[in-house]
Amino acid sequence: MSAAGGAWRRFTAGFARLLDWLLIATVMVLIVPVTMQIVSRYTDLIPPYIWTEELARFLFIWMIMIGAMVGVREMAHFNVDIWRQPSPRMNAALNLVTHLCTLVFALVFVVAGVEFTRFALYRISELAELPLWTIHVAWPLTGLAWIVFLGEQVADEIGVLTGRLPA
């Protein structure tokens, strides 16, 4: 069981499912402009559309950011195991340090991402003429998602450390 409340746990689980579906949709949509680029480059079946490269790049950015959100939720980010078999409490303490370091990066993503998005607020992309804020907003949203998921994980680790949760 978790230390976080039932409603919060249901919210984060639903949010994670939404991110999973968005990730699937992003990959599926990304296939279209990339396929168009390949077909137009090597055949004369369709004309070489220049906007497909930009759209593919933007979709790729969103795919990476959504994948990073899911990665933090599933604790699939990079970890280095130094100790062989730490005790459950020691493992919780080490995970807590990892979560706090990740939280620092999340806060950087939010603060710098908001400024990054503000910079692009009234700009449009050159080829596809998409508003650039729709791309730049991925950074602060990623940071916010990390904070949401880290809150849940930190509560779990504190529960193990205090003995309220089984290891």
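Procedures and definitions
- Numbers given for residues are sequential positions, taken from 1 along each chain in its written order.
- Since the coordinates come from a predicted model, pLDDT governs what is reported: local features require at least 70, and pairs of side-chain atoms require 80 or more to be given and counted, while whole-chain, interface and lining totals use all residues.
- In computing side-chain values, all of the structure's heavy atoms are included and hydrogens and water are not.
- Numbering of helices and strands runs from the N terminus; a helix is a DSSP stretch of H or I covering at least four residues, while a strand is a stretch of E covering at least two.
- Radius of gyration here uses only the C-alpha atoms, and the compact-globule reference equals 2.2 Å multiplied by the residue count raised to the power 0.38.
- Type-normalised accessible area, obtained with a 1.4 Å probe on protein chains alone, sets the label of each residue: buried when under 20%, exposed when over 50%, and partly exposed for intermediate values.
- Any two residues whose heavy atoms approach within 4.5 Å are treated as being in contact.
- A 1.4 Å probe and the Shrake-Rupley method give the accessible areas. Residues count as covered only by the protein chains that appear here.
- In this analysis, a patch consists of residues with relative accessible area above 30% that form no salt bridge, clustered at 9 Å for like charges and at 5 Å for the nonpolar side chains Val, Leu, Ile, Met, Phe, Trp and Tyr.
- When a carboxyl oxygen of Asp or Glu lies within 4 Å of a side-chain nitrogen of Lys or Arg, that pair is called a salt bridge.
- The term nonpolar core refers to a set of buried residues drawn from Ala, Val, Leu, Ile, Met, Phe, Trp, Tyr and Cys, joined through side-chain atoms within 4.5 Å.
- To obtain each axis, a line is fitted to C-alpha atoms, and for helices this fit is confined to the stretch in contact; angles are then taken between N-to-C directions over 0 to 180 degrees.
- When describing relative orientation, an angle under 35 degrees is termed roughly parallel and one over 145 degrees roughly antiparallel, while 65 to 115 degrees is termed roughly perpendicular and anything else oblique.
- Note on convention: near helix rotated counterclockwise from far helix by under a right angle means a left-handed crossing. Clockwise means right-handed.
- One fewer than the residue count of a helix, multiplied by 1.5 Å, yields its expected span.
- Classification convention: Asp, Glu, Lys, Arg as charged; Ala, Val, Leu, Ile, Met, Phe, Trp, Tyr, Cys, Pro as nonpolar; all other residues, Gly among them, as polar.

Trainee: Help me understand the overall build of the protein in this model?
Mentor: What the protein contains, in helices and strands, is five helices and zero strands. Ordering the α and β elements of the protein from the N terminus gives α-α-α-α-α. The C-alpha radius of gyration of the protein comes to 20 Å, more than 25% above the 15 Å expected for a compact globule of 167 residues. Seen through its principal axes, the protein has C-alpha atoms that stretch 65 × 35 × 35 Å. Out of the 167 residues belonging to the protein, those deemed buried represent 32%. In the protein, 72% of the contacts between residues at least 6 apart in sequence involve partners at least 24 apart. When the accessible area of the protein is evaluated, it comes to approximately 10,600 Å², of which 70% is carbon and sulfur surface.

Trainee: Just to check I follow, could you spell out a nonpolar patch on the surface for this structure?
Mentor: Together, Phe 78, Val 80, Ile 82, Trp 83 and Met 90 make up an exposed nonpolar region whose accessible area comes to about 610 Å². Assignment of secondary structure puts Phe 78 in the loop between α2 (51–73) and α3 (88–119).

Trainee: I tried to follow the nonpolar core on my own but got confused; where do I start?
Mentor: A general trend in soluble globular proteins is that nonpolar side chains are found buried together. Counting 20 residues, the largest nonpolar core has Leu 19, Trp 62, Val 72, Trp 146 and Phe 149 as the members making the most contacts within it. Elements with a contribution of two residues or more to this core: α1 (6–42), α2 and α5 (138–162). By residue number, the principal contributor to this core is α2, which donates seven residues. Filtering out sequence-adjacent residues up to four positions away, Val 72 remains in contact with His 77, Thr 102, Trp 146, Phe 149, Leu 150 and Gln 153.

Trainee: I'm lost on the packing of α1 against α5 in this one. Help?
Mentor: Packed helix pairs are specified by the crossing angle of their axes together with the interaxial distance, meaning the distance between the axes. Two numbers describe how α1 lies on α5: the axes approach to 11 Å, and their chain directions differ by 135 degrees. When the interaxial angle is binned, α1 and α5 end up oblique. The handedness of the crossing between α1 and α5 is left-handed. Contact residues: α1 offers Trp 8, Arg 9, Phe 11, Thr 12, Phe 15, Ala 16 and Leu 19, while α5 offers Ala 145, Val 148, Phe 149, Glu 152 and Asp 156.

Trainee: Which parts of the structure should I look at to understand α5?
Mentor: Every α-helix winds through 3.6 residues per turn, so residues three or four apart in the chain are directed the same way. For α5, which comprises 25 residues, the first-to-last C-alpha distance of 36 Å matches the rise-based estimate of 36 Å (1.5 Å per residue) to within 8%. Just downstream of α5, Gly 163 is the residue with a positive phi angle, here 85 degrees.

Trainee: Explain the packing of α2 against α5 to me, please; I cannot follow it from the model alone.
Mentor: Viewed as axis vectors pointing N to C, α2 and α5 meet at an angle of 10 degrees, and their least axial separation amounts to 8 Å. The angle between α2 and α5 falls in the class roughly parallel. Packed against α2, whose contacting residues are Ile 61, Trp 62, Met 65, Ala 68, Met 69, Val 72 and Arg 73, the element α5 presents Ala 138, Trp 139, Leu 141, Thr 142, Ala 145, Trp 146, Phe 149, Leu 150, Glu 152 and Gln 153 at the interface. Each residue belonging to the contact of α2 with α5 can be placed in one class, and the counts come to 13 nonpolar, two polar and two charged.

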